[in-house]
Amino acid sequence: MDYATWHAQSCDVISLTDQFNAETVNDVRSHFDHLIRDCAGDVLVDMSSVKELDSSGIGALVFLYKRLKIENRQLALVGVNGKPDELLSMLRINQTIKQYNDVEDYLSNQ
């Protein structure tokens, strides 16, 4: 899976592309561990380019959320749309993990 990361003010952003599912989640898991272990701020997952999400991807997001919460840090999702948005809403994960339109929307609400 292709992904990009960058630092934006008080948070680190990881931008995922195309699919976040059983086939691709292991590619990103080690970077999630890096964000938990080596970074200090909140973490944003940019899902604006994600078209496919399954239970493995959701499990990885929930794992990241729980690990960050232990350290009093936040996880937020940005740009969630289409089928991934429907799935997160159906499972009510959007009620626990905050969602924003984009990184600027997140930053303006902090």
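Calculation criteria
- Residues numbered from 1 in each chain as written.
- Predicted model: local features only at pLDDT ≥ 70, side-chain atom pairs only at ≥ 80, totals over all residues.
- Heavy atoms only, no water.
- Phe/Tyr/Trp six-rings, centres within 6.5 Å; stacked < 30°, edge-to-face > 60°.
- Helix = DSSP H or I, 4+ residues; strand = E, 2+ residues; numbered from the N terminus.
- Buried < 20%, exposed > 50% of the residue type's maximum accessible area, 1.4 Å probe, protein only.
- Core = buried A, V, L, I, M, F, W, Y, C linked by side-chain atoms within 4.5 Å.
- Contact = heavy atoms within 4.5 Å.

A.B. asks: I'm lost on the packing of aromatic side chains in this one. Help?
C.D. replies: Following the criterion strictly, the structure yields two aromatic pairs and no others. Here the aromatic rings of Phe20 and Phe32 are separated by 6.2 Å at their centres, their planes lie at 70°, and the arrangement is edge-to-face. Taken together, the positions of Phe20 in strand S2 (residues 11–20) and Phe32 in helix H1 (residues 25–38) put the pair twelve residues apart, joining distant regions of the chain. In this structure Phe32 comes out as buried when scored by relative accessible area, which is 2%. Geometrically, the ring pair formed by Tyr100 and Tyr106 is edge-to-face, given 5.3 Å between the ring centres and 85° between the ring planes. By relative accessible area, Tyr106 is classed as buried at 1%.

A.B. asks: Even after reading the chapter, I still don't get the nonpolar core, so can you show me in this structure?
C.D. replies: Nonpolar side chains tend toward joint burial in soluble globular proteins. One finds Phe20, Phe32, Val45, Met47, Leu64, Leu75 and Leu77 to be the most contacted residues of the largest nonpolar core, which totals 26 residues. Breaking this core down by element, the ones donating at least two residues are S2, H1, strand S3 (42–53), helix H2 (55–70) and strand S4 (75–78). Beyond its immediate stretch of four places on either side in the chain, Phe32 contacts Ile14, Phe20, Ala60, Leu61 and Leu64. Counting nine residues, the second-largest nonpolar core is a separate cluster that includes Ala8, Cys11, Val13 and Tyr106.

Keep in mind that these numbers describe shape and distance, not what the molecule does.
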